[in-house]
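# Remarks on the overall topology
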Amino acid sequence: MHCAVLIATAMISCPSVSVQEILDRAVATAARVVVLPEGRVEVTGKLRVRRAENLVIEGPRTTLVFSDREGTTWSFDSCRNIRLRGLTIDYDPLPYVQGRITGRSEDGKRYDFTVSEGYPGLRDEDSRHYRQAYVFEPNQRRWKPWVPDLYARQVDIIDERHGRFVMGYVPAYHELIEVDDRVVLTLRSGSAIRMNDCENVRIEDVTFLAAPGCAYLGRYMRGDNYYRYTIKPGPPPPGATQPRLISTCADGLNIAFATKGPTIEGCHFSFMGDDSVNLHGVTFAVLEQKMPNEILVAWPYSREYLATVIPEGATVRRLRPGDYAVLGKGKLTAFDPIRERSTEHLDMIHTVWPRNEKGRGTVFKLTLTEPLSVEPGDFLDIPASNAPGFVIRDCLFEDHRARGLRIMASDGVIERNTFRRLKMSAVTIGAEYEFWREAGWVEDVTIRNNTIEDVGRDGAIHNGGAYVLGAISVFGRTDGRSQPVSYTHLRAH
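It should be emphasised that the depicted structure is a prediction, and the values quoted were computed from it without experimental measurement. (Residues numbered from 1 in each chain as written. Predicted model: local features only at pLDDT ≥ 70, side-chain atom pairs only at ≥ 80, totals over all residues. Heavy atoms only, no water.)

It is worth spelling out the overall build of the protein chain at this point. Scanning the protein chain from terminus to terminus reveals 3 helices and 39 strands. Relative to a compact globule of 493 residues, whose C-alpha radius of gyration would be 23 Å, the protein chain shows 23 Å and is just as compact. Reported as C-alpha extents along the three principal axes, the dimensions of the protein chain are approximately 70 × 65 × 50 Å. Every one of the 493 residues in the protein chain was classed for burial, and the buried ones make up 57%. At a minimum sequence separation of 6, the contacts of the protein chain that also span at least 24 residues come to 71%. Counting every atom, the protein chain has about 19,600 Å² of accessible surface; 47% of that belongs to carbon and sulfur. The centroid of the 62 positive side-chain charges in the protein chain is displaced by 2 Å from the centroid of its 64 negative side-chain charges. (Helix = DSSP H or I, 4+ residues; strand = E, 2+ residues; numbered from the N terminus. Rg over C-alpha atoms; globule rule 2.2 N^0.38 Å. Buried < 20%, exposed > 50% of the residue type's maximum accessible area, 1.4 Å probe, protein only. Contact = heavy atoms within 4.5 Å. Areas by Shrake-Rupley, 256 points an atom, 1.4 Å probe, with all protein chains shown as cover. Lys, Arg positive; Asp, Glu negative; His and termini not counted. Charge placed at Lys NZ, Arg CZ, Asp CG, Glu CD.)

Pasting the structure below:
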């Protein structure tokens, strides 16, 4: 504690010491607590914490203000027993463009807009991100009911404060979009915090006022991980006369590839550009069967830390292409990345994941206790790495785009939460094998004592643009359409 206090005091009294230097010293000296300096602390570039253990980072009167909006702003790699407590995160410039619609074509395929005073202007270097827009009511901070998201064919930058949204299609219910409606164009260019290969994490009483993507991303997580934090829009920037309309540009909390699900308790998430919570795993494509109990599979990314969350003895499920029915199961004895990547392997990876750059991907060898017959083109998943055993309770999810909870994990409890004024469903439970290939079939989830008000407010849902329609939706997304599925272990109260 004494070392950490000295580090924090040095920062307060010496402006030349950066937040990154404070964190580096804390890790190097095995400090127990770092108290961040008070006030709005501008952070140049990114922050990174590596291999920290038993460390508390707190800032009850601290707002870290980031200006770098590309990639992960603050990353934690291979950390154990880490706690973030009390601090606030914001961005300047903000990671979105906010304005008002000033004109539109009668056919709904062109919308002119003006950027609001005080908010970041349009930039050519950001133009590749200006593809998605959200429409808000003109006089209050609410998504406009029944108006779907707008996906532009192109955004014409007339000048820094004026632009034109050009559609390649006619949006559903476009007649509801009117001059003077407010509009936000998000960057979707990075995340505020990302934790990789971390264990026993606690985030308590942290506040996110903005993020260029997700507020929090967890990947390759183990142990008991606990989250209690707030997402809300921050105050208007200097010179602005309009309030901020959104907080984060994407999810509130997104965890994948975890041996145990998180405990999410007492959170208040609002005005995000995507889901509140997303829990999922990985779907592998079968490349070939080397031996009766040895299978080569692939996914489209680098190996990273995936092997650390694939436990020995885990159940492997063989999935049939098309409807992803479970055709067989086996028990895992080894999961190893290999260097072997033939041209045929890379071609298959790109066929399964065409949105990813061709030539990317990793091949793994699965060794099973007993033979499991598979065919090239089959799929496999491993439920033990899908964040099983999660708890989501006593949270408030309100006034944001997309779904409240997007759950592809089993053995969980969802209780005493409130969902209100969401563009899509409050809770979706089920498999996302087809488009995102995030897995997987869900079992033994209890949903009880939740309050759901005024959800499904996106007109696209009712115009064939969504595959989950109910306030609570149990679904299976397989090969481009939602298939009827039977869930025998889902309990709702």
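There's plenty left to go through after this.
So, about the packing of aromatic side chains. Following the criterion strictly, the structure yields 22 aromatic pairs and no others. Between the aromatic rings of Y134 and W143, the centroid separation amounts to 5.9 Å while the plane-to-plane angle is 50 degrees, which identifies the pairing as tilted. In this pair, the class of Y134 matches that of W143, namely buried. Grouping aromatic residues by their ring pairs yields a cluster made of Y220, F257, F284, W299, Y301, Y305, F335 and F364. Between R202 and the ring centre of Y226, over which it is positioned, the NZ or CZ distance is 4.2 Å. (Phe/Tyr/Trp six-rings, centres within 6.5 Å; stacked < 30°, edge-to-face > 60°. Lys NZ or Arg CZ within 6 Å of the ring centre and 35° of its normal.)

This brings us to the environment of T230. Along the polypeptide, T230 turns up in strand 18 (residues 226-231). For T230, a relative accessible area of 23% gives the class partly exposed. Taking the C-alpha atoms as reference, T230 lies 27 Å from S385; in sequence the two are 155 residues apart.

Let us look at helix 2 (residues 19-28). Taken together, the buried positions of helix 2 are occupied by V19, Q20, I22, L23 and A26. Projected down its long axis, helix 2 carries its buried residues within an arc of 160 degrees, all on one side. A positive phi of about 55 degrees marks A30, the residue just after helix 2. (Arc of directions from axis to C-beta.)

Taken in spatial order, the 6 strands of this closed barrel run 23-24-27-26-25-28, and their pairing is antiparallel. Averaged over all neighbouring strand pairs, the angle between strand axes comes to 45 degrees, with direction disregarded. Pairing analysis gives 5 bridges linking strand 25 (residues 315-319) to strand 26 (residues 326-338), with the strands arranged antiparallel. Across the sheet, residue R317 finds its bridge partner in strand 26, namely K329. Contacting strand 23 (283-291), strand 24 (294-299), strand 27 (362-368) and strand 28 (379-381), helix 3 (residues 343-352) crosses the sheet at an angle of about 155 degrees to strand 23. (Pairing = 2+ DSSP bridges. Axes fitted to C-alpha atoms, helices over the stretch in contact; angles between N-to-C directions.)

We now examine helix 3. Side chains that are three or four residues apart share a direction in an α-helix, a result of its 3.6 residues per turn. Those residues of helix 3 that sit buried are H345, L346, I349 and V352. On an axial view of helix 3, the arc spanned by its buried residues comes to 130 degrees, and they lie on one face. Pointing more than 90 degrees away from the buried face of helix 3 are the exposed residues T343, E344 and T351. Contact partners of the buried residues in helix 3: strand 23, strand 24, strand 27 and strand 28.

Right, let's talk about the pairing of strand 3 (residues 47-50) for a bit. Here strand 3 shows a buried face lined by L47 and V49 and an unburied face lined by R48 and R50. In this sheet, strand 6 (residues 71-77) lies alongside strand 3 in parallel orientation, the contact comprising 4 bridges. Pairing of R48 across the sheet is with S75, part of strand 6.

To continue, consider the sheet that holds strand 10 (residues 110-115). Working definition: the strands of a sheet are paired by backbone hydrogen bonds and lie parallel or antiparallel to each other. Read around the closed barrel, the 6 strands follow the order 9-10-13-12-11-14; overall the barrel is antiparallel. Strand after strand, the sheet turns through a mean of 45 degrees between neighbouring axes, direction not considered. Bridge count for strand 10 against strand 13 (residues 162-167) is 5 bridges, and the pairing is antiparallel. The residue bridging F113 from the neighbouring strand is G163, located in strand 13.

Before going further, it helps to spend a moment on the nonpolar core. Within soluble globular proteins, side chains that are nonpolar tend to cluster in buried spots. If you look at the biggest cluster of nonpolar residues, it comprises 98 residues, and the most contacted ones within it are W74, F76 and Y216. The next biggest cluster of nonpolar side chains, apart from the first, holds 39 residues, and it includes V286, A298, W353 and A431. (Core = buried A, V, L, I, M, F, W, Y, C linked by side-chain atoms within 4.5 Å.)

On to the pairing of strand 19 (residues 253-258), then. The element strand 19 is extensively covered by neighbouring structure, given that 6 of its 6 residues are classed as buried. Relative to strand 19, strand 17 (residues 216-221) runs parallel, the two sharing 5 bridges. Bridging across to strand 19, G218 finds its partner in I255. Bridge count for strand 19 against strand 22 (residues 277-280) is 4 bridges, and the pairing is parallel.

A grouping of W146, Y173 and L176 is seen on the molecular surface, where their side chains present a nonpolar patch of about 260 Å² in accessible area. Tracing the sequence through the fold places L176 in the loop between strand 13 and strand 14 (182-186). (Patch = residues over 30% accessible without salt bridge, like charges linked within 9 Å, V, L, I, M, F, W, Y side chains within 5 Å. Salt bridge = Lys/Arg side-chain N within 4 Å of Asp/Glu carboxyl O.)

This part covers the confidence of the model for the protein chain. The share of residues in the protein chain with pLDDT of 70 or more is 92%, and the mean pLDDT across the chain is 91. Every residue in residues 1-15 scores below 50 in pLDDT, and together they form 22 contacts with partners more than four places removed in sequence or on other chains. (pLDDT = per-residue confidence, 0-100.)

Cis geometry is adopted by the peptide bond preceding P93, which originates at D92 and carries an omega value of 10 degrees. Along the chain, P93 turns up in the loop between strand 8 (88-91) and strand 9 (96-104). The peptide bond linking A439 to G440 adopts the cis configuration, its omega dihedral lying at -5 degrees. Looking at where G440 falls in the secondary structure, it is placed in the loop between strand 34 (427-432) and strand 35 (445-448). Not every positive phi belongs to a glycine, and D205 is a case in point at roughly 60 degrees. In the Ramachandran plot, D411 falls in the positive-phi region, its phi being about 60 degrees despite a non-glycine side chain. Taking relative accessible area as the criterion, D411 reaches 45% and is therefore assigned partly exposed.

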